[in-house]
Amino acid sequence: NSDLRALVLSVASQKILAHIGIWDRLSSHANRIRHIHVTDRGGFGAVRLDAGEAGLEVLGWACPAGVLLHELLGAARDHLGEDLAWSTEFDGFDIHSDRVTVNATGRDGALRMVTRLLIGADGGDSDVRGALGIEIDAFDYAQTAIVADVEVEYPRADTAYERFTRQGPLAMIPLGGHRYVSVQCLDLESGAAALELDDGAYLAQLQRRFGWRLGEIADLGARRSHALWQRRARSLDAPRAVIIGNAANTVHPNAAQGLNLGLRDVAALALALSARPDPGD
């Protein structure tokens, strides 16, 4: 559970997870977001999104990434048992007319798996995509996202904040109680400098950028940084193979849509394959 990111699940994603029986495992860890407050530093006014005005109970849920991974892995183990190969390294594959042989290295040594369809859902730096020879169009945002959890003085546990500044966007995502996850997007030079600050100086910088809507920001947790890129695959499929999620399309995290688009990919692919006797034909 060491992943500090707060992943925002949309209403559509919640429905997908409920449909496959996983939401019950996650609901107690997920904090409801009913309001989103968007401002542009130095600009006039604000945009306020309200679930009630949209006729919705919620706009989404915030869940710690480490908790989400833990619960999804637990559900996979319960469902698949010994058929689940976890913590493996993809070594390559051989494509045949009616099957794909996948080679990997797991905790106990070499693995050999035979499947009708190879699905590459292994992230923006996808090894499967590379092995398939699928090229990408890439754009370097020249930004670093710094993620850290904090405690605020006057929380609004159902409200997420997005603040646009000259240095890049800043988000504050509620985890419940006084805890928020802060996500600062900074240019590479500013990001590197921010990571070198001591906790007090970093909190002061975060306070200056975000302001005092939530009162004093304190109790800084560990900081993690992520380089930000946009990647778009030029093709989504190859013989007996398909790529989905970040392997196919990686977007800026500002709108909190990466995971949600990936879950939509999974649901759409499952529906498309449900009526095919050979999913890889």
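Anything mentioned here points back to the structure above.
Residues numbered from 1 in each chain as written. Predicted model: local features only at pLDDT ≥ 70, side-chain atom pairs only at ≥ 80, totals over all residues. Heavy atoms only, no water.

**What about the packing of aromatic side chains?**
How we decide: Any Phe, Tyr or Trp ring, taking Trp's six-membered ring, that has another such ring centre within 6.5 Å forms a pair; planes under 30 degrees apart are called stacked, those over 60 apart edge-to-face, and the others tilted. Only protein chains enter the accessibility calculation, which uses a 1.4 Å probe; a residue whose area is less than 20% of its type maximum is buried, one above 50% is exposed, and one in between is partly exposed. Elements are defined by DSSP. Helices are runs of H or I of four residues or more, strands are runs of E of two residues or more, and each kind is numbered from the N terminus. Sitting over a ring, as applied to charges here, requires NZ of Lys or CZ of Arg to be within 6 Å of the ring centre and within 35 degrees of the ring normal.
A full pass over the atoms with the stated rule returns four aromatic pairs. With a centroid separation of 5.3 Å and an interplanar angle of 85 degrees, the aromatic rings of F139 and Y141 are classed as edge-to-face. Residue classification places Y141 among the partly exposed residues on the basis of a relative accessible area of 22%. Ring centres 5.6 Å apart and planes at 90 degrees place the aromatic pair Y161 and F210 in the edge-to-face group. Of this pair, Y161 sits in strand β11 (residues 159-165) while F210 sits in helix α6 (residues 199-210), placing them 49 residues apart in sequence. Its end group placed over the ring of Y202, R223 keeps NZ or CZ at 4.6 Å from the ring centre.

**Structural notes on the layout of surface pockets**
Rules: Here the term cavity refers to a set of points on a 1 Å grid, laid over the protein atoms alone, in which a 1.4 Å probe fits but cannot get out; the term pocket refers to an open set having protein on both sides within 12 Å along at least five of seven lines, with lining residues being those that place an atom within 4 Å of a point. Grid points are joined across faces, edges and corners, and a volume is the space filled by probe spheres set on the points. In this classification, Asp, Glu, Lys and Arg are treated as charged, Ala, Val, Leu, Ile, Met, Phe, Trp, Tyr, Cys and Pro as nonpolar, and every other residue, Gly included, as polar.
Here the second largest pocket is characterised by a volume of approximately 380 Å³. Lining the second largest pocket are 26 residues; nearest its centre among them are L236, V242, I243, I244 and L269. Looking at the lining of the second largest pocket, the elements that each hand over two or more residues are β16 (237-238), β17 (241-243) and α7 (258-273). In terms of residue count, α7 provides more of the lining of the second largest pocket than any other element does, eight residues in total. For the lining of the second largest pocket, the residue count by class is 14 nonpolar, six polar and six charged.

**Some thoughts on the side chain of T101**
The condition that has to hold: Counted as a polar contact is a pair of N or O atoms within 3.5 Å, where, for protein atoms, one must be capable of donating a hydrogen and the other of accepting one, and residues adjacent in sequence contribute only when both atoms are in side chains. By definition in these notes, contact holds between two residues if any of their heavy atoms fall within 4.5 Å.
Checked against the element boundaries, T101 lands in strand β7 (residues 100-106). Given the relative accessible area of 2%, T101 is considered buried. A polar contact of 3.5 Å, which involves the side chain of T101, links it to the side chain of H96. For T101, the contacting residues outside a window of four places in its chain are G92, F93, D94, H96, R112, M113 and V114.

**Observations concerning the pairing of strand β8 (residues 109-115)**
Here is the rule: The pairing criterion is simple: DSSP has to find at least two bridges between the two strands.
Of the strand pairs in this sheet, β7 and β8 are connected by seven bridges, and their pairing is antiparallel. Across the sheet, residue T101 finds its bridge partner in β8, namely V114. Between the antiparallel neighbours β7 and β8 lie two residues.

**A short note on the nonpolar core**
For soluble globular proteins, nonpolar side chains are generally found buried alongside one another. Just so we agree on the cut-off: Side-chain atoms within 4.5 Å are what join buried Ala, Val, Leu, Ile, Met, Phe, Trp, Tyr and Cys residues into a set we call a nonpolar core.
In terms of nonpolar packing, the biggest core is built from 17 residues, with V150, V152, M172, Y180, F210, L214 and I217 touching the most fellow members. Going through the elements one at a time, β10 (136-152), β12 (168-176), β13 (179-187) and α6 are the ones with two or more residues in this core. Excluding residues within four positions of it along the chain, V150 makes contact with M172, H178, R179, Y180, S182, L203, L206, I217, A218, D219 and L220. Core analysis: the second largest hydrophobic core is formed by 15 residues, L17, W23, L26 and V67 among them.

**Considering the sheet that holds strand β2 (residues 31-33)**
Think of a sheet as strands paired side by side through backbone hydrogen bonds, with each pair either parallel or antiparallel. The test is simple: Note on method: axes are straight lines fitted to C-alpha atoms, helices fitted across the in-contact stretch only, with angles between N-to-C directions ranging 0 to 180 degrees.
The three strands lie next to each other as β1-β5-β2, forming an open sheet whose pairing is antiparallel. Two strands in the sheet have a free side with no partner beyond their single neighbour: β1 (6-10) and β2. Neighbour-to-neighbour, the strand axes of the sheet open up by a mean angle of 30 degrees, direction not taken into account. For β2 and strand β5 (residues 60-64), the ladder comprises three bridges, and the chain directions are antiparallel. Of the residues in β5, the one forming a bridge with N31 is A62. Relative to β1, helix α1 (residues 11-19) is tilted by about 85 degrees, and along the sheet it contacts β1 and β5.

**A look at the pairing of β1**
Counted residue by residue, β1 has five buried out of five residues, so it is predominantly covered. Alternating residues of β1 divide into A6, V8 and S10 and L7 and L9, and every residue in both groups is buried. With five bridges connecting them, β1 and β5 associate as antiparallel partners. Paired with L7 across the two strands is C63, which belongs to β5.

**Re the environment of A218**
Mapped onto the fold, A218 is located in strand β14 (residues 217-218). The spacing of A218 and E151 is 67 residues in sequence and 5.2 Å in space, taken between C-alpha atoms. The contact partners of A218, leaving out residues within four places of it in the chain, are V150, E151 and L203.

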